[in-house]
2 protein chains.
Amino acid sequence: MSGGGKKVTIRDVARRAGVSPTSVSLVLSGKAASLPEATRERVRRAAQELDYRADLLARSLVTRRTNIIGIVVPDLTNPFFAEAVRHIQPALAERGYDVILCNSEERAENDLRYIRLLAGRSVDGLLLAPSAEAFTEPYSRTLRKLLGELGIPYLFFDRYFEDEPWVAVDNEGSSLLAARYLMEQGHEKIGVITGPLSLNSSRNRLAGVRRAYAERGLCLRSEWVYEGKYDIATGSAGCAELLGRGVSAVFAFSDMQAYGVYAGARRAGRRISADLSVMGFDDSVFSSVLEVPLTTMRQPVRQIAEEACRVLLARVESGETLRPQNFAAQLVLGKSVAALPHEREREKSSQ
Amino acid sequence: MSGGGKKVTIRDVARRAGVSPTSVSLVLSGKAASLPEATRERVRRAAQELDYRADLLARSLVTRRTNIIGIVVPDLTNPFFAEAVRHIQPALAERGYDVILCNSEERAENDLRYIRLLAGRSVDGLLLAPSAEAFTEPYSRTLRKLLGELGIPYLFFDRYFEDEPWVAVDNEGSSLLAARYLMEQGHEKIGVITGPLSLNSSRNRLAGVRRAYAERGLCLRSEWVYEGKYDIATGSAGCAELLGRGVSAVFAFSDMQAYGVYAGARRAGRRISADLSVMGFDDSVFSSVLEVPLTTMRQPVRQIAEEACRVLLARVESGETLRPQNFAAQLVLGKSVAALPHEREREKSSQ
DNA sequence: ATGACTTAGTAAAACGTTTTACTTCCCCTT
DNA sequence: AAGGGGAAGTAAAACGTTTTACTAAGTCAT
């Protein structure tokens, strides 16, 4: 291992440029307004010749800023979070921040542990999508207390408390659109597979469905609602249950669940679309390659990610609390939702 | 923002325990063999009462260790890497290391940029899966030179140079198994969709296929080999191309590509299995929910991830270079590979 | 009584920056 | 000639640890 000899410090640069370390620091951080260009140039050249790179640890020790943002997500193998992180990281890198990533594996205990750990690393800010568990007592109380004590700017994304700063898709509005679309296709018995109802995202999406029902003067029967997790297994199990309750369509609150519904329907001998309509939420990359492409609500993940960075950094750098923009998901038509027969008849006769 | 008043330093603890900061440091890091238990206890209590947490920045500045490992992956939305990171992170956390994650987006320029940036953060080690581009000139030269100069322990995973330390699945052996299986099912015209051939993983998998052909005294025709990327689009494009060349089966070097093959076959009016057999590589979570579940080679991602951590930390902590274990992928039977008619006949008649 | 150990501790340097509070010199105004 | 004010810098403190090299006091064998 070479290591390349001793480390080049600011002192070495100072010596070579014939100035004090102070001046080097000033010049290199662009605060040397008072120094003449000649000196600045000399310092810059010396730094370049020695390939000097400031030691970020030493800098952070004195400035109390690390330029690191901590991220906690519940499940990296969930395409939504993978994609979110994928967009967040370069958005932050561009502004000079690095990312320490933690995966809580949907366990509140890990959320707390990782947040403490990130605080111990003096991160400048936290981007949080806690586990579903973390929104239940006693975890939620502990979590909020902890965040209060730490004094580190934080922002929730995708999963949130209503009274804390957050960025997420417009859950209610988006699922209202989805449910309306299903109803326009003639479905009035729509099974719903939700995520954990401890999550606002799930509750709000459910509220959207209820609103769609209400608009038609109907009511969502509680036996058509299946609460689960945002995973494939939930989709299969939910499908099995809902099929027995006579629904003509299933609205899954994530594409992962929708994939499970596909599997469940197949197992029950039902064809997607022909026998059972399916609506997803997310528009994961796999949805379009399915034999029956999934009709789903596309989350603008990239925009959400970038907005989250923008809002968090505003808090970090100037303490302002921006009002985050709202993002609507967009209906992506696949082939998994069929118009119901009588509805089709009506369309025909109206031509 | 509360912030909770002034920061508690080692001096505060020292004052309260009535000893010097030196002693506190010694006790808290367990190196105070010479101090009597009474004193140690006093120090520990004082630390606890004040809720003292050592400032990791200050510590790192003097110890020159950060307990951070930098990871660079080419694409987080690829389930293989998402899962790998998911396993790596807790494996490292368990041993006291945090992870700074970077996503190169398959661009060599970013590989280099991020490695420099991680070095600037004084990470203790690097876990690298560079972009395909990084294995071509001039990037590969630059990359290796850079790593040599930095003097930071590193380990390649999944993607590697033969003469550098790495951990990965046994590519050649695994694809040999896959190809043998296809041949046992009667396929002798197997189209292959590879990843970038700049990658050892792709080349070695291809070598495995060639060996399987050789075992039967046959030869893999070059027109049956389609080089692409490890993504869905490549799968579709490759499928279209290979179908025109009369293959009865396609071996895709990743499940993502296999999904593309499914889509491509559908577009061409061919049924998976009945008209075209498909073999994948990875066993991503979606493969089992497909209408025709994918037959694929399961990579032991978790084991690879944990082995990578073990080997890297050995280098970091004691400078030893362990010989990494070899991992074979395992055949997972779906329904995407059919036995060819004449083969089926033979089986029947032999009963 | 001496020297050699051991025990219980500490003072101060070091890590590599940034930042604060100066100093020195020169020019300009009155 | 005195004083003000900018220009061009710098010395030293500070950030919060760890580590090195010591001290002071007591114990024990000779």
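Look up: the structure comes first, before these words.
A brief structural summary. From a predicted model like this one, the values you see are computed outputs, not experimental measurements.

### Side note on the overall build of chain A
Reasoning step 1: Looking only at helices and strands, chain A features 13 helices and 11 strands.
Reasoning step 2: Taking 2.2 N^0.38 as the reference for a compact globule, 351 residues should give roughly 20 Å; the C-alpha atoms of chain A span a radius of gyration of 26 Å, well beyond that estimate.
Reasoning step 3: Expressed as a percentage of the 351 residues in chain A, the buried residues total 54%.
Reasoning step 4: Considering only contacts in chain A between residues 6 or more positions apart, those separated by 24 or more positions represent 74%.
Reasoning step 5: Split by element, the accessible area of chain A, about 15,300 Å² in all, is 48% carbon and sulfur.
Reasoning step 6: Treating the 47 positive side-chain charges of chain A as one cloud and the 43 negative ones as another, the clouds have centres 4 Å apart.

### Focus on unusual backbone geometry
Reasoning step 1: At the junction of A:E137 and A:P138, the peptide bond is cis and its omega measures out at 0 degrees in the coordinates.
Reasoning step 2: Mapped onto the fold, A:P138 is located in the loop between β3 (125-128) and α7 (139-150).
Reasoning step 3: The phi angle at A:R64 is positive, at roughly 65 degrees, despite the residue not being glycine.
Reasoning step 4: Inspection of the secondary structure assignment puts A:R64 in the loop between α4 (56-63) and β1 (68-73).
Reasoning step 5: A relative accessible area of 40% means that A:R64 is categorised as partly exposed.
Reasoning step 6: Of note, the phi angle at B:D283 is positive, near 60 degrees, even though the residue is not glycine.
Reasoning step 7: On the secondary structure map, B:D283 appears in the loop between β9 (277-282) and β10 (295-298).

### A few points about the protein's contact with DNA strand D
Reasoning step 1: In the vicinity of DNA strand D lie 28 residues, with A:S20, A:T39, B:I10, B:R11 and B:S25 positioned nearest.
Reasoning step 2: The share of sugar and phosphate among atoms of DNA strand D within 4 Å of the protein is 63%.
Reasoning step 3: A distance of 2.8 Å is found between a phosphate oxygen of DNA strand D and a backbone nitrogen or oxygen belonging to A:S34.
Reasoning step 4: Contributions of two or more residues to the surface near DNA strand D are made by α2 (21-28) and α4 of chain A together with α1 (10-17), α2 (21-28) and α4 (56-63) of chain B.
Reasoning step 5: Considering each element in turn, the surface near DNA strand D owes the most residues, 5 residues, to α4(B).

### With respect to the sheet that holds strand β8 (residues 249-252) of chain A
All names here are of chain A.
Reasoning step 1: Strand order in the open sheet formed by 6 strands is β7-β6-β8-β9-β10-β11, with mixed pairing between adjacent strands. This sheet does not close on itself; its edge strands, each paired only once, are β7 (225-227) and β11 (330-332). Averaged over all adjacent pairs, the angle separating strand axes in this sheet is 20 degrees, with direction ignored.
Reasoning step 2: On top of the sheet, helix α11 (residues 255-267) reaches β6 (190-194), β8, β9 (277-282) and β10 (295-298); it is set at about 155 degrees to β9, its chief contact.

### A few points about the environment of B:L28
Residues and elements named next belong to chain B.
Reasoning step 1: With respect to the element layout, L28 can be found in helix α2.
Reasoning step 2: We classify L28 as partly exposed; its relative accessible area is 37%.
Reasoning step 3: Considered as a pair, L28 and S273 are 245 residues apart in the sequence and their alpha carbons are 64 Å apart.
Reasoning step 4: Apart from residues no more than four positions distant in its own chain, L28 is found in contact with V43, R44, A47 and Y52.

### Thoughts on the sheet that holds β9(B)
Residues and elements named next belong to chain B.
Reasoning step 1: Spatially, the 6 strands line up as an open sheet ordered β7-β6-β8-β9-β10-β11, and their pairing is mixed. Two strands lie at the open edges of the sheet, namely β7 (225-227) and β11 (330-332), each paired on one side alone. Strand-to-strand, the axes of this sheet are offset by a mean angle of 20 degrees, without reference to chain direction.
Reasoning step 2: Across 3 bridges, the pairing between strand β8 (residues 249-252) and β9 is parallel. Following the sheet pairing, A249 is matched in β9 by S277.
Reasoning step 3: With respect to the sheet, helix α9 (residues 200-215) is in contact with β6 (190-194), β7, β8 and β9, its orientation differing from that of β6 by roughly 170 degrees.
Reasoning step 4: Contacts from helix α11 (residues 255-267) reach β6, β8, β9 and β10 within the one sheet, and its direction differs from that of β9 by about 155 degrees.

### Notes on the relation of the copies chain A and chain B
What relates the pair of chain copies is a rotation about an axis plus a shift along that axis.
Reasoning step 1: Screw-axis analysis of chain A against chain B gives a translation of 0.1 Å along the axis, an RMSD of 0.2 Å, and a rotation angle of 180 degrees. In symmetry terms, the pair is related by a two-fold rotation axis. Closest approach to the rotation axis within chain A is made by the C-alpha atom of A:I100, at a distance of 2.3 Å.
Reasoning step 2: In this assembly the copies share their binding face: 96% of the residues contributing to the interface of chain A also contribute to that of chain B.

### Some points on the interface of chain A and chain B
Many descriptions give the size of an interface as the accessible area lost when the pieces come together.
Reasoning step 1: At the junction of the two partners, chain A supplies 55 residues and chain B supplies 54 residues.
Reasoning step 2: Between chain A and chain B, roughly 4,800 Å² of surface is buried when both sides are summed, and carbon and sulfur atoms account for 60% of that area.
Reasoning step 3: For the pair chain A and chain B, the interface holds 6 salt bridges.
Reasoning step 4: Salt-bridge contacts for B:R86 lead to A:E105; the nearest nitrogen and oxygen are separated by 3.9 Å.
Reasoning step 5: Between the two partners, chain A and chain B, sit 18 residue pairs in polar contact (both at pLDDT 80 or more).
Reasoning step 6: Of all the secondary-structure elements, those providing two or more residues to the side of chain A that touches chain B are α4, α5 (79-94), β2 (98-103), α6 (108-120), α7 and α11 of chain A.
Reasoning step 7: Per element, the largest residue contribution to the side of chain A that touches chain B is 8 residues, and it comes from α5(A).
Reasoning step 8: Class assignment of the residues belonging to the side of chain A that touches chain B gives a composition of 27 nonpolar, 13 polar and 15 charged.

### Considerations on the packing of aromatic side chains
For any pair of aromatic rings, the description consists of the separation of the ring centres together with the inter-plane angle of the planes.
Reasoning step 1: One pass over the full model with this rule turns up 17 aromatic pairs over all chains.
Reasoning step 2: With a centroid separation of 4.7 Å and 45 degrees between ring planes, the pair formed by A:F135 and A:F161 is classed as tilted. Taken as a pair, A:F135 in the loop between β3 and α7 and A:F161 in the loop between β4 (154-157) and β5 (166-167) lie far apart in primary sequence, 26 residues in all. We note that A:F135, like A:F161, is buried.
Reasoning step 3: Ring geometry for A:F286 and B:Y259: centres 5.4 Å apart, planes at 85 degrees, overall edge-to-face. Taken together, the residues span two chains, with A:F286 in the loop between β9 and β10 and B:Y259 in helix α11. Here the two residues A:F286 and B:Y259 agree in accessibility, since each one is buried.
Reasoning step 4: Here the aromatic residues A:F135, A:Y154, A:F156 and A:F161 are joined through ring pairs into a cluster of three or more.
Reasoning step 5: A cation sits over an aromatic face here: A:R315 above A:Y154, 5.9 Å from the ring centre.
Reasoning step 6: The ring of B:F161 has B:R144 sitting right over it, with the charged end atom 4.5 Å from the ring centre.

### Section: the packing of α1(B) against α2(B)
Residues and elements named next belong to chain B.
Reasoning step 1: It is at 8 Å that the axes of α1 and α2 come closest, and there the two elements cross at 100 degrees. On the basis of their axis angle, the class for α1 and α2 is roughly perpendicular. Contacts from I10, R11, V13 and A14 in α1 reach P21, V24 and S25 in α2.
Reasoning step 2: Among the residues forming the contact of α1 with α2, the class breakdown is 5 nonpolar, 1 polar and 1 charged.

Analysis parameters
- Residues numbered from 1 in each chain as written.
- Chains lettered and ligands numbered in written order.
- Predicted model: local features only at pLDDT ≥ 70, side-chain atom pairs only at ≥ 80, totals over all residues.
- Heavy atoms only, no water.
- Helix = DSSP H or I, 4+ residues; strand = E, 2+ residues; numbered from the N terminus.
- Rg over C-alpha atoms; globule rule 2.2 N^0.38 Å.
- Buried < 20%, exposed > 50% of the residue type's maximum accessible area, 1.4 Å probe, protein only.
- Contact = heavy atoms within 4.5 Å.
- Areas by Shrake-Rupley, 256 points an atom, 1.4 Å probe, with all protein chains shown as cover.
- Lys, Arg positive; Asp, Glu negative; His and termini not counted.
- Charge placed at Lys NZ, Arg CZ, Asp CG, Glu CD.
- Near = heavy atom within 4 Å.
- Polar contact = N/O pair within 3.5 Å; in protein donor to acceptor, adjacent residues only side chain to side chain.
- Pairing = 2+ DSSP bridges.
- Axes fitted to C-alpha atoms, helices over the stretch in contact; angles between N-to-C directions.
- Least-squares fit on C-alpha atoms with pLDDT ≥ 70 in both.
- Buried area = accessible area lost by both parts, 1.4 Å probe.
- Salt bridge = Lys/Arg side-chain N within 4 Å of Asp/Glu carboxyl O.
- Nonpolar A, V, L, I, M, F, W, Y, C, P; charged D, E, K, R; others polar.
- Phe/Tyr/Trp six-rings, centres within 6.5 Å; stacked < 30°, edge-to-face > 60°.
- Lys NZ or Arg CZ within 6 Å of the ring centre and 35° of its normal.
- Parallel < 35°, antiparallel > 145°, perpendicular 65-115°, else oblique.

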